Each structure stands twice: as C-alpha cells, then as structure tokens.
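Below are the chains, spelled out letter by letter.
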Amino acid sequence: MCRRVCCTNSVQRVPAAIFTFDAREFKVFRTLGRIICSMASDQERNSRRVKQLLGKPGNGNCADCGAADPEWASYTLGVFVCLTCSALHRNIVQISKVKSILLDPWSSSEVEFMDTLGNNAAKAKYEQLVPAFYYCPTHKDCMLLREQWIRAKYERKEFQCVERQEPYSAGYREGFIWKRGRDNGQYLSRKFILSEREGVLKYFNKHDAREPKTIMKINTVNATFQPTKIGTAQGLQITYLKDNSTRNIFVYHEDGKEMVDWFNAIRAARFHYLQVAYPGASTSELLPKVTRNYIKEGYMEKTGPKHTEGFKKRWFTMDDRRLMYFKDPLDAYARGEVFIGCKENSYTVLPGLPPNTQGYHWQFGITIVTPDRKFLFACETDEDQKDWMAAFQTVINRPMLPQEYAVEAYFKHKP
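Each value, and the rule that gives it
Residues numbered from 1 in each chain as written. Predicted model: local features only at pLDDT ≥ 70, side-chain atom pairs only at ≥ 80, totals over all residues. Heavy atoms only, no water. Core = buried A, V, L, I, M, F, W, Y, C linked by side-chain atoms within 4.5 Å. Buried < 20%, exposed > 50% of the residue type's maximum accessible area, 1.4 Å probe, protein only. Helix = DSSP H or I, 4+ residues; strand = E, 2+ residues; numbered from the N terminus. Contact = heavy atoms within 4.5 Å. Axes fitted to C-alpha atoms, helices over the stretch in contact; angles between N-to-C directions. Parallel < 35°, antiparallel > 145°, perpendicular 65-115°, else oblique. Salt bridge = Lys/Arg side-chain N within 4 Å of Asp/Glu carboxyl O. Pairing = 2+ DSSP bridges. Phe/Tyr/Trp six-rings, centres within 6.5 Å; stacked < 30°, edge-to-face > 60°. Lys NZ or Arg CZ within 6 Å of the ring centre and 35° of its normal. Arc of directions from axis to C-beta. pLDDT = per-residue confidence, 0-100. Left-handed = near helix turned anticlockwise from the far one by under 90°. Nonpolar A, V, L, I, M, F, W, Y, C, P; charged D, E, K, R; others polar.

### Considering the nonpolar core
At step 1: Grouped together as the largest cluster of nonpolar side chains are 37 residues, with contacts concentrated most on Leu201, Met216, Phe225 and Ile238.
At step 2: Elements supplying a minimum of two residues to this core: α5 (143-155), β7 (187-195), β8 (200-204), β10 (222-225), β11 (236-242), β12 (245-252), α8 (256-277) and α9 (283-290).
At step 3: Setting aside its immediate chain neighbours within four residues, Ile238 contacts Leu201, Met216, Val221, Asn222, Ala223, Arg247, Asn248, Ile249, Val251 and Ile266.
At step 4: Listed in part, the 23 residues of the second largest apolar core include Val349, Ile366, Phe377 and Ile396.

Structure below.
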C-alpha cells in the first residue's frame, strides 16, 4: 500500500505507515474522536448563539459609545462593545475580559452569562445614577472621555453611589492645572477655583495670590476637549466672553480622571445656572446648552472687507453662530469674528467667489452673504469646501433664537 507525498522538487512514492490497535485502544480512540466532534459541534452552536444575542434589544450598539454593530464582548461584565471600546476594557483587565464575537471560541457558560445580562441590563445596573449634566461620550468623542466613562462605570462604579460623584457634583472645585501662557505659549501650573455659588471659574497666577488673575462668568463659559490641537490627550479648551469677544484658555493635567472631573464640574455649574436662567425649560432643552463642541474647525484663506486685500491663511472655528478666525489655532483671542444668522434674515452661503476677486488664493471659494456685506473665503480642497459649506448651511437653516438677535445687533455695531 502506498500514498503520494509532495516534496519541494519532485513527487515520489513512499510506503504508507501501518498502525495496529487492540480492541481496548480502538475504543479509546473512537471515544476521543466522538468527544472532539462533540466539542466542535458545541463551539459552532455557541458561536451561533452569541451572534444571535446581538439581535436582542440594546445589544446592536456598543454599550459604552453607541457605535453600531459591535463585534466584541466583555464576558465578565455581560456587555457587547465595539473594537475601540474593547481595547479600553483591556485597561481594566481585573474587571473586564473581552472576546471577539466572530473569531474567539465561546463556552456554553459564557454564552449563558451574556444571555442573562446584555447591554440593557448592564445599563440599568452601571448607569442607574448618571447625573443629567454628566457627559456620556459617543463614538465620535476623544479617547480620554471614552476611557474615563468606562472606568467610571465599571471600575469606580460612580453611578451606583452618589457619594462617588463628589469631585464634579459638589458645586465647588479647587486644584492646579497646567495653563498655556497667552503670549509665550509656555505651560505653567495655575490654581483654578470653580464656584457655583459665585457663578464663576477663576484662576490665580501665583499659588498664594489672594486676587485671581482672571474671573470667568459661568453664563459664558464653554469647555471642549481638544487633544489634537493642544497636543496632549488631556487637553481642554475653555472659552468665555470678555467684552463680548471670545477668549481661549488651553489647559491640561497629567491625570486623565482629574481633567474629566474638571470638565464635568464645569458642566454641572453650567447646568444649574441654566436651570435658574430658564426655569420653564426641560432637561432635554437645557443639555445642548451646557457645553458644546465646535461645529467645524480648520484652515481657510480670507480677504478683507474691500475684497482687494491679499488672501491670508487663517485658522477658523465655527462656534454656534460665531465664525472666528485666528492666526494660530492656539491664539488666546480671535483676529476677527463673523456672525452667521439665518436665511429668513437674508444670510446665505454660496460656492465660489465673485468673478472680479483679486489676488492669489486657494481654488475652492466660499461666499457668505449677510445683510451688510459679503465675506470671501477659499479652501484648499474640494472636500474642505463641501464640509464648510455644509457647516454654514446647517447654521443658516436654523431659525434664530430671541437672545441671538441681541448678539447680531452687537456685531452690527461693534467698534
């Protein structure tokens, strides 16, 4: 008896090995074969079952960031998560152990556990006391917010015990943060105090100073994480109005939890201020006003009011209806601001530039028409132009609120 064996350079015939077994050994091997087949069958069945669990209510989105179609799961917490959040779960390995739904083997006990819990049950357990003001990140948010959200839920269990929320819900917070200097760009440790009772956020240039360097009124404060712009994962941009112009402050802290606690403390102060300022408004109406991410940021070129000045490259930030431009993304003050109203008040955005536009500029132009004048901008790419056009159009299509008319009037009479 022989069989064919493929070698590197030729095909040769070799005798087949002949094995003999006695009856007892044969029964052992047959039993092992049945066990292996049964295990393989169990694996296939468990794999099908865990995939079917994704169809249960709540399991079709990541338990932590809401991303659709999660392909991973924590088999110790009983939640289905996306790839990115599964990587963050590996940072708390003593609490959460993750597996791929598609690639890893699953035991029957693990599948039963996932079936018993699932995302909705886990949410009811781990998110039962999330404060209304607390920022719950989505898949679009930075990694720091997502990681601290996961740690807050599963590791620190902050939303199962109100006392654990004291760092951001007490109404007062004091500590030291690295702040970027306005003129030299150097980060120095500064003492910050947030006081809901006083309605202010303030910082001191010296640790033992009695008087603050700057006082920011809570009613104009905004905070948003800017890791790419600032250059650190813990980078936070705080803005407030000074003489009705936007002032930027860039801060960070080495401890991610510390920075997220400051962020949520600001949100708490803002939320409680808004509850007093708008007593008839619902929570769902107030939350979008607590803090806001910028609608869009990036470089464009602009010319002056006469449209004869040369185009200059500037960093633009679309903050609600304020379009601000800076020479550098980390500038403390904007070089200028443009108010973007609504279409009912004769604000429009058009692709391209007027035919008589002078000077060298990027190819893809944008014209914003206001009741008083036209603003000309140029984008480097067609994609940038489309993105900015969409951002402007979103704002222009939205009716103006009563308080926004006062802002518009200030811009018209701005010295």
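Anyway, onward from the coordinates.
### Focus: the packing of α5 against α8
At step 1: Remark: α5 packs on α8, axes separated minimally by 10 Å, with the N-to-C direction vectors making an angle of 95°. In terms of axis orientation, α5 runs roughly perpendicular to α8. Across the interface between the two elements, Leu144, Leu145 and Gln148 from α5 touch Gly256, Lys257, Val260 and Phe263 from α8.

### What to know about the pattern of salt bridges
At step 1: Evaluation of the coordinates by the stated rule reveals 22 salt bridges.
At step 2: One continuous salt-bridge network, built from bridges that share partners, spans Asp64, Lys123, Glu127 and Lys153.

### A look at unusual backbone geometry
At step 1: A positive phi angle, near 55°, is found at Asp69, a position not held by glycine.
At step 2: Its location among the elements puts Asp69 in the loop between α1 (23-52) and β3 (72-74).
At step 3: With a phi close to 70°, Ser346 is a non-glycine residue in the positive phi region.
At step 4: Tracing the sequence through the fold places Ser346 in the loop between β16 (336-339) and β17 (348-351).

### A short note on the sheet that holds β16
At step 1: Strands sit in the order β16-β15-β14-β13-β19-β18-β17 across an open sheet of 7 strands; the sheet is antiparallel. The sheet is open, and its two borders are formed by β16 and β17, each paired with just one other strand. On average, each strand axis in the sheet is inclined to that of its neighbour by 35°, with strand direction left out of account.
At step 2: With 5 bridges connecting them, strand β14 (residues 312-319) and strand β15 (residues 322-326) associate as antiparallel partners. Paired with Met318 across the two strands is Leu323, which belongs to β15.
At step 3: Helix α11 (residues 402-412) rests against β15 and β16 of the sheet, and its axis sits at about 130° to β16.

### Description of the packing of aromatic side chains
For any pair of aromatic rings, geometry is given as the distance between the ring centres together with the angle between the planes.
At step 1: As enumerated under the stated definition, the model contains 21 aromatic pairs in all.
At step 2: With centroids separated by 5.6 Å and ring planes inclined at 40°, the aromatic side chains of Phe316 and Tyr325 adopt a geometry described as tilted.
At step 3: Aromatic rings pair up to connect Phe133, Tyr134, Trp149, Phe159 and Tyr168 into one cluster.
At step 4: The cationic tip of Arg373 hangs over the ring face of Phe375; the distance from NZ or CZ to the ring centre is 3.8 Å.

### Quick look at the side chain of Gln165
At step 1: With respect to the helices and strands, Gln165 occurs in the loop between α5 and α6 (166-169).
At step 2: On the basis of relative accessibility, which here comes to 4%, the residue Gln165 falls in the buried class.
At step 3: Apart from residues no more than four positions distant in its own chain, Gln165 is found in contact with Leu129, Pro131, Glu158 and Phe159.

### Quick look at helix α4 (residues 119-126)
At step 1: When α4 is considered as a whole, its buried residues turn out to be Asn119, Ala122 and Tyr126. Each buried residue of α4 lies within a common arc of 65° when the element is viewed along its axis, so the set occupies one face.
At step 2: Its buried side turned inward, α4 meets β4 (79-81) and α5.

### Here we look at the confidence of the model for the protein
At step 1: Scored by pLDDT, the protein has a mean of 91; 90% of the residues are at 70 or more.
At step 2: Throughout residues 1-12 the model reports pLDDT below 50, and contacts reaching past four residues in sequence, or to other chains, amount to 15 contacts.

### As for the packing of α8 against α9
At step 1: It is at 9 Å that the axes of α8 and α9 come closest, and there the two elements cross at 130°. It follows from the interaxial angle that α8 and α9 lie oblique. Taken as a pair, α8 and α9 cross one another with a handedness that is right-handed. Residue-level contacts link Arg267, Arg270, Phe271, Leu274 and Gln275 of α8 to Thr283, Leu286, Leu287, Lys289 and Val290 of α9.
At step 2: For the contact of α8 with α9, the residue count by class is 5 nonpolar, 2 polar and 3 charged.

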